[in-house]
Structure formats: C-alpha cells, structure tokens
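Each chain is listed here by its residues.
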Amino acid sequence: MFLLGLTGSIGMGKSTTAQMFADLGCAVWDADAAVHRLYSVGGAAVAPFSSAFPTALVDGEVSRAILKEIIAADPTALRQIEQIVHPLVSQDRTAFLKAATADIVVLDIPLLFETGGDARMDAVACVTVDAEIQQARVLARGTMTPSQFEAILAKQMPNDEKCARADYVIHTDSLEGTRAEVSVVVAEIRKSLTDA
Ligand SMILES: CC(C)(COP(=O)(O)OP(=O)(O)OC[C@H]1O[C@@H](n2cnc3c(N)ncnc32)[C@H](O)[C@@H]1O)[C@@H](O)C(=O)NCCC(=O)NCCS
Ligand SMILES: Nc1ncnc2c1ncn2[C@@H]1O[C@H](COP(=O)(O)OP(=O)(O)OP(=O)(O)O)[C@@H](O)[C@H]1O
C-alpha cells in the first residue's frame, strides 16, 4: 500500500483534488472531515470541549462559528484546540489505515508538513494556485472574514515552502488541468508499484 500525503494551504483545492484521486480508485482519508465527525453530536471531541471551551457547545456539538470567535478574541486558543483535536484525528487516521485495502491511500492533511506527518508518507503532493485566487475562493465560500482567513494563513507554512518540499506539485487553476495532473501522479505511483 502506497501512502500519498496530500496537502496545501487553506483553500488551495485539497478536497477537490482528493476527490479526483478517489475517482481513480485511491482510498482517501480527509483530516478536516475527521474533525467534522469529532465535533458532531456523539463525536469524541465533544466531552473535552465541554470542559475546555464550554461556550462552544451548541445542541451537543462543537460550534465552528463560536470556535472562530474564540480564536479571533484569543489567538492562543487555536493551540489549545489543536492539543485536544490532533490526538483524536490521529486515532481516526490509524483506524482508517487498518481497514484500507486500496493500492494507493491518499491522506488529505492540511497541516502535514507543520506537524511532521510527511515523514510517515511514501510521497507528498501539494496543491497550489496563485495567492489572489486562493483568497478569492476562500472568501467566496462566505464562511470566513478576511481577518479570520489571514489568521489561519499566518499559522500555516508558506505555500512556496510546501511546494518546494513536496514530491509532486499539483496546480488547481482549472478542474481539467488538475484532473490531468492527478492522473499522471497516479499512473507514476502505480508504475512504481508494479515495477517494484
Ligand atoms: C478553525 C476552525 C474552527 C475553522 O472552521 P471552518 O469550518 O471555518 O474551516 P475548516 O475546518 O474547513 O478549515 C479550513 C482550513 O483552515 C485550515 N486550518 C484549520 N485548522 C487549522 C489550524 N489549526 N492551523 C492552520 N490551519 C488550519 C486548513 O487549511 C483547513 O483546511 C476549524 O478548522 C478548527 O476547529 N480547527 C482546529 C482543528 C485543526 O487543527 N484542524 C486542522 C486539520 S487536523
Ligand atoms: N482545480 C480546480 N479548478 C477550479 N476550481 C477549483 C479547483 N480546485 C478547487 N477549486 C475551487 O477552490 C475552492 C477551494 O477548494 P477546496 O475546498 O477543494 O480547497 P481545500 O484546500 O480543501 O480548502 P480548505 O483548506 O479550506 O479545506 C472551491 O470553491 C473549489 O471549487
């Protein structure tokens, strides 16, 4: 089984690109989606948040809108949130990998380089697009203010550095272009698996 880490800064196109890998038969695990499950009713993050950030609990789940307000008011809160969330995300990933049977497993992890997770991957692909397009796409979703976007961006490794460290750089200017680049990556990895 080949482990491909898929990373990139906020709004660079990780989820969209991950779906293209899935369409080619790769198994995909998504760290942000794992966080969504952990925050939802019955999720493993609910109990620790009800002690650490009781005001963030709404109807039995962790409210992302309130978390963003908390982070905006106190920038150190994100670190505390990460200390709760990251070990739980890591457990979720381990369970997924145990059950996976595909030849290529894609792990979509926004903070792959920042957390040193790249060392556990066979290769890393980084998605990228111009900073202006990135910002426009994130703000178009309407879920973050420009200052919330800047705060998240400031916490991430700069895009140039991520791309320089990656084995594959995938451009997300257009869906067709990205799909073509994804199929080249998949073909190359499958060839390396059959040659081995
Ligand atoms: C900050 C929160 C509330 C924003 O929620 P929202 O629904 O608006 O955005 P979403 O979760 O889709 O994240 C959007 C993007 O922000 C970036 N991002 C999220 N958390 C972080 C972080 N801790 N550090 C740097 N970038 C981050 C990622 O690129 C992510 O893809 C949420 O991301 C969160 O609770 N983050 C803490 C958990 C975490 O570290 N997740 C990262 C993946 S394990
Ligand atoms: N290859 C592409 N061509 C055109 N638009 C794209 C492409 N990839 C992504 N987009 C658009 O960019 C936006 C962000 O994409 P996506 O949600 O996949 O990014 P992400 O990196 O997963 O985001 P986040 O870091 O916030 O989780 C979406 O509106 C999506 O439609």
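Residues numbered from 1 in each chain as written. Chains lettered and ligands numbered in written order. Predicted model: local features only at pLDDT ≥ 70, side-chain atom pairs only at ≥ 80, totals over all residues. Heavy atoms only, no water.

Engineer: Please give an account of the UniProt feature "binding site: ATP" (unreviewed entry) in the protein that cites residues and values.
Structural biologist: Under the local residue numbering, the UniProt record ascribes the feature "binding site: ATP" (unreviewed entry) to Gly11, Met12, Gly13, Lys14, Ser15 and Thr16. Excluding residues within four positions of it along the chain, Gly11 makes contact with Gln134, Arg137, Val138 and Arg141. One can find Thr16 in helix H1 (residues 14-23). (UniProt positions renumbered as here; feature names shortened; annotations may be inferred. Contact = heavy atoms within 4.5 Å. Helix = DSSP H or I, 4+ residues; strand = E, 2+ residues; numbered from the N terminus.)

Engineer: Which residues make up the pairing of strand E5 (residues 104-108), and what values go with them?
Structural biologist: Looking down a regular strand, the side chains alternate between one sheet face and the other. Across the five residues of E5, five count as buried, placing the element largely inside the fold. Neither face of E5 is left uncovered, since the one carrying Ile104, Val106 and Asp108 and the one carrying Val105 and Leu107 both have all their residues buried. Bridging between strand E2 (residues 27-30) and E5 involves four bridges; their strand directions are parallel. Bridging across to E5, Val28 finds its partner in Val106. (Buried < 20%, exposed > 50% of the residue type's maximum accessible area, 1.4 Å probe, protein only. Pairing = 2+ DSSP bridges.)

Engineer: Mind laying out the side chain of Ser63, listing which residues take part and the relevant values?
Structural biologist: With respect to the secondary-structure elements, Ser63 resides in the loop between strand E4 (61-62) and helix H4 (64-73). A polar atom in the side chain of Ser63 sits 3.4 Å from the backbone nitrogen of Ala65. When sequence neighbours within four positions are dropped, the list of residues in contact with Ser63 reads Ala56 and Val58. (Polar contact = N/O pair within 3.5 Å; in protein donor to acceptor, adjacent residues only side chain to side chain.)

Engineer: Provide a residue-level description of helix H5 (residues 77-99), including the pertinent values.
Structural biologist: Helix length check: H5, at 23 residues, gives a terminal C-alpha distance of 34 Å against a target of 33 Å (1.5 Å per residue), a fit within 8%. The sharpest bend along H5 reaches about 30° and sits at Val85, with the proline Pro87 one to four residues further on. Every buried residue of H5 is accounted for by Ala77, Leu78, Ile81, Glu82, Ile84, Val85, Leu88, Val89 and Arg93. Where H5 is buried, its residues meet E2, helix H2 (31-39), helix H3 (46-52), H4, E5 and helix H7 (146-155). (Expected span 1.5 Å × (residues − 1). Bend = angle between axes of the 7 residues up to and from the residue.)

Engineer: So what's going on with the site of ligand 2? Which residues, and what values?
Structural biologist: The immediate surroundings of ligand 2 are formed by 16 residues, with Lys14, Ser15, Thr16, Arg141 and Thr178 found nearest. At 3.3 Å from an oxygen atom of ligand 2 is found a side-chain nitrogen or oxygen belonging to Asp32. Side-chain polar atom of Arg141 to an oxygen atom of ligand 2: 2.5 Å apart, as the coordinates give it. Relative to its unbound accessible area of 630 Å², ligand 2 is 77% covered by the protein chains. Elements that contribute at least two residues to the shell around ligand 2 include exactly H1 and helix H9 (175-195). It is H1 that provides the largest number of residues to the shell around ligand 2, a total of three residues. Class assignment of the residues belonging to the shell around ligand 2 gives a composition of three nonpolar, eight polar and five charged. (Near = heavy atom within 4 Å. Areas by Shrake-Rupley, 256 points an atom, 1.4 Å probe, with all protein chains shown as cover. Nonpolar A, V, L, I, M, F, W, Y, C, P; charged D, E, K, R; others polar.)

Engineer: Before we move on, can you summarise the site of ligand 1 with the specific residues and values?
Structural biologist: Around ligand 1, a shell composed of 19 residues is seen, among which Asp32, Tyr39, Arg64, Lys68 and Glu82 lie nearest. Here an oxygen atom of ligand 1 and a side-chain polar atom of Asp32 are 2.6 Å apart. A distance of 2.6 Å is found between a nitrogen atom of ligand 1 and a side-chain nitrogen or oxygen belonging to Glu82. Coverage of ligand 1 by the protein chains reaches 91% of its 770 Å² of free accessible surface. A total of five residues in the shell around ligand 1 trace back to one element, the largest contributor, which is H5. Class assignment for the residues of the shell around ligand 1 results in eleven nonpolar, two polar and six charged.

Engineer: Please provide a residue-by-residue account of the pattern of salt bridges, values included.
Structural biologist: Under the defined criterion, the tally for this structure stands at six salt bridges. Between Arg190 and Asp103 there is a salt bridge, and its shortest N-O distance comes to 2.6 Å. Here the residue Arg190 occupies a position in helix H9, and Asp103 occupies one in the loop between H5 and E5, the gap between them amounting to 87 residues. Here Glu161 and Arg165 are joined by a salt bridge, their closest N and O atoms 3.8 Å apart. With Glu161 and Arg165 both in helix H8 (residues 159-165), this residue pair falls four residues apart, about one helical turn. Classification of Arg165 by relative accessible area gives partly exposed; the value is 44%. (Salt bridge = Lys/Arg side-chain N within 4 Å of Asp/Glu carboxyl O.)

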